[in-house]
Amino acid sequence: MYHCEKNLFELRAELKEHCYQPQPYRYFMIREPKQRVISVAAFRDRVVHHALVNIIEPFFEAMFIKDSYATRKNKGLHLAVRAAQNYAGKYQWYMKLDIEQFFASVDHAILLGLIRRKIKDEEVLSLCATILGNQTESMKGYGICPGNGAKGLPVGNLTSQFFANIYLHKLDRYIKQQLGVSAYVRYMDDFILFSNESETLKQALASIDAFLSQYLDLKIKTKSVQINRTQNGIPFLGYRIFPKLLRLRRENLQRCVKGIVKTEMSFTNGEIEAETLYQSTRSRMGFIGFANSNHLARSIWGGNQQADQTV
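What counts as what
Residue positions are given per chain, counted from 1 along the sequence in the order it is written. Local features in a predicted model are, by the rule used here, given only for residues with pLDDT of at least 70; side-chain atom pairs are given and counted only at 80 or more, and totals for whole chains, interfaces and linings are based on all residues. Only hydrogens and water are set aside; all other atoms, that is, all heavy atoms of the structure, feed into the side-chain values. Salt bridges are defined by distance alone: a side-chain nitrogen of Lys or Arg within 4 Å of a carboxyl oxygen of Asp or Glu. In this text, helices come from DSSP runs of H or I with a minimum length of four residues, and strands from runs of E with a minimum of two, each type numbered from the N-terminal end. Each residue is assigned to one of three classes by its accessible area relative to the maximum for its type, calculated with a 1.4 Å probe on protein chains only: buried under 20%, partly exposed between the two thresholds, exposed over 50%. Here, a strand pair is defined by DSSP locating no fewer than two bridges between the strands. Axes here refer to lines fitted to C-alpha atoms; in helices the fit is confined to the stretch in contact. Angles between the N-to-C directions go from 0 to 180 degrees. We call two residues in contact when some of their heavy atoms are within 4.5 Å. Confidence of the predictor at the level of single residues is given by pLDDT, which spans 0 to 100. When an angle is under 35 degrees it counts as roughly parallel; over 145 it counts as roughly antiparallel; between 65 and 115 it counts as roughly perpendicular; any other value is oblique. When residues are sorted by character, Ala, Val, Leu, Ile, Met, Phe, Trp, Tyr, Cys and Pro go into the nonpolar class, Asp, Glu, Lys and Arg into the charged class, and all the rest, Gly among them, into the polar class.

Draft legend 1. Structural view of the pattern of salt bridges. Here the structure, examined in full by the defined rule, presents ten salt bridges. For the salt bridge of E57 with K73, the shortest nitrogen-to-oxygen distance reads 3.7 Å. Of this pair, E57 sits in helix α2 (residues 43-61) while K73 sits in the loop between α2 and α3 (77-88), and the two are 16 residues apart along the sequence. The buried category is assigned to E57, whose relative accessible area is 12%.

Here it is in structure tokens:
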């Protein structure tokens, strides 16, 4: 940071001379909401990631469907939840799915082929391959890269999130155009289809499973498949969604409350700044307040133990 301009010029020269090599990732484990390995790129590599996405994003954003909500401008988690609730009010049945070990299963050859369809600049394509190659080598050393090393995106990087949307856009088009599903919401690898007939959804499940296996080398997580009536509520992105009601799931509420308490303790102990405390608490309270929380936020600030209840 003290030599920002000098470092940027050096990085620019490496990119122009095609000798740029990213540094190995740092890793740490999180266990909530589920155990995952998070990858942290070096600061200079994050600069490259953002620059790359800034260049190629407009080409892909123009073709992405409106029903994909993760890591996109003017989209996001809350709009995905609202879209699902809107469909829940119009259809009797839903099918919720997600993909088995999605990030670890992304095939690099398939991904680069999909990128190549829109991006013709060989230098940009080469940079994409370099970033993917670094991900492979780093992940092998951590024991989280499956197969022959030509698969996997590390969780926690901007490029991984953007590449994931490119990869699953092929699935989006298949569901919308080939299966003719108009009521559909996807947030990364979690997605929901809506219909007035449960049998229609069961048929779609078989078709989607076959498509994923044949074209994207992916498979549906069997335990994740849920086909149910919308009136019974849809568990999605931390909420339980009903046609006219939005509730926060108990485990997510408890996690938010614990996070708020932990952050406050860190501030009291002088480990974080006031701005960090404010932003962290504001984010968590925004997540809680988005639901029909029935004065829950007031009870949390007042230390009410009812925060452990489902709302």
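There's plenty left to go through after this.
Draft legend 2. A look at unusual backbone geometry. If you check the backbone angles, H18 has positive phi at about 60 degrees while not being a glycine. Within the fold, H18 resides in the loop between α1 (4-16) and β1 (26-30). Here T71, not a glycine, exhibits a phi torsion of approximately 45 degrees, which is positive. Its place among the elements puts T71 in the loop between α2 and α3.

Draft legend 3. Geometry of the sheet that holds strand β5 (residues 190-195). Here we have four strands laid out as an open sheet, ordered β4-β5-β3-β6, and antiparallel in their pairing. In the strand order of this sheet, the two ends are held by β4 (184-187) and β6 (226-229), each with one partner. On average, each strand axis in the sheet is inclined to that of its neighbour by 15 degrees, with strand direction left out of account. Bridge analysis of strand β3 (residues 93-98) against β5 gives six bridges, and the strand direction is antiparallel. Across the sheet, residue W93 finds its bridge partner in β5, namely S195. Strands β4 and β5 of the sheet are contacted by α3, whose axis makes an angle of about 160 degrees with β4. Strands in contact with helix α8 (residues 198-216) are β3, β5 and β6; relative to β3, the strand with the most contacts, it is inclined by about 20 degrees.

Draft legend 4. Quick look at the confidence of the model for the chain. Averaged over every residue, the pLDDT of the chain is 83; the share at 70 or more is 77%. Long-range and interchain partners of residues 303-311, a stretch whose pLDDT sits below 50, account for 15 contacts in this model, where long-range means more than four residues apart.

Draft legend 5. View of the sheet that holds strand β8 (residues 239-242). The strand order β7-β8-β9 describes an open sheet built from three strands, whose pairing is antiparallel. The outermost strands of the open sheet, each flanked by one partner alone, are β7 (234-236) and β9 (245-248). Ignoring strand direction, the axes of neighbouring strands in this sheet form an average angle of 25 degrees. Pairing of β8 with β9, which is carried by four bridges, proceeds in the antiparallel orientation. Within β9, the residue paired with F242 across the bridge is L245. Of the strands in this sheet, β7, β8 and β9 are in contact with α3, which crosses β8 at around 30 degrees.

Draft legend 6. Summary view of the packing of helix α5 (residues 108-118) against helix α7 (residues 158-178). Close contact between α5 and α7 brings their axes to 10 Å; oriented N to C, the two are set at 85 degrees. Considering the angle they form, α5 stands roughly perpendicular to α7. Residue-level inspection shows I110, L111, L114, I115 and R117 of α5 in contact with α7, the latter providing F163, I166, Y167 and K170. Looking at side-chain class alone, the contact of α5 with α7 contains seven nonpolar, no polar and two charged residues.

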